[in-house]
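Commentary on secondary and tertiary structure
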Amino acid sequence: MVIREGRIVEAAIASCETRYPCDVIGDIIAQPVARQSPEVDRVSRATESADAYYYGLVEALKEAQITDTAAPASR
């Protein structure tokens, strides 16, 4: 996930380790950028993959907030 100026500008799948191929959820990959949220649609027959993508996004956003909070304030 890439965040610039507080906005999600890119979201992707770095590795796919679910039992179903990640190309099944290809349609939801761009949703976080469009929605500015980790919320993605459910995908029939690929719930596990869609859930894994969602939770990965949530963790990336948490990490981005921690990094942003830890950065020194500019003057």
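Preceding block: the structure.
Now for a look at the structure at hand. Quantities reported herein were computed from a predicted structural model and do not represent experimental measurements. (Residues numbered from 1 in each chain as written. Predicted model: local features only at pLDDT ≥ 70, side-chain atom pairs only at ≥ 80, totals over all residues. Heavy atoms only, no water.)

Within the chain, the regular secondary structure consists of 2 helices and 2 strands. Here the chain holds 75 residues, and the buried ones make up 27% of them. Looking at the chain alone, contacts between residues at least 24 apart form 41% of all its contacts between residues at least 6 apart. Only carbon and sulfur atoms are counted for the fraction: they give 49% of the accessible area of the chain, which is about 5,600 Å². (Helix = DSSP H or I, 4+ residues; strand = E, 2+ residues; numbered from the N terminus. Buried < 20%, exposed > 50% of the residue type's maximum accessible area, 1.4 Å probe, protein only. Contact = heavy atoms within 4.5 Å. Areas by Shrake-Rupley, 256 points an atom, 1.4 Å probe, with all protein chains shown as cover.)

When you line up the elements, Glu-10 lands in strand E2 (residues 7-10). Using a relative accessible area of 45% as the deciding quantity, one classes Glu-10 as partly exposed. Those residues in contact with Glu-10 that sit more than four places away from it in its chain are Met-1, Val-2 and Val-33.

So, about the packing of aromatic side chains. Scanning the entire structure with this criterion turns up 1 aromatic pair. With a centroid separation of 4.9 Å and an interplanar angle of 75°, the aromatic rings of Tyr-54 and Tyr-55 are classed as edge-to-face. Residue classification places Tyr-55 among the exposed positions, given a relative accessible area of 54%. (Phe/Tyr/Trp six-rings, centres within 6.5 Å; stacked < 30°, edge-to-face > 60°.)

So yeah, pure geometry; function would need other evidence.
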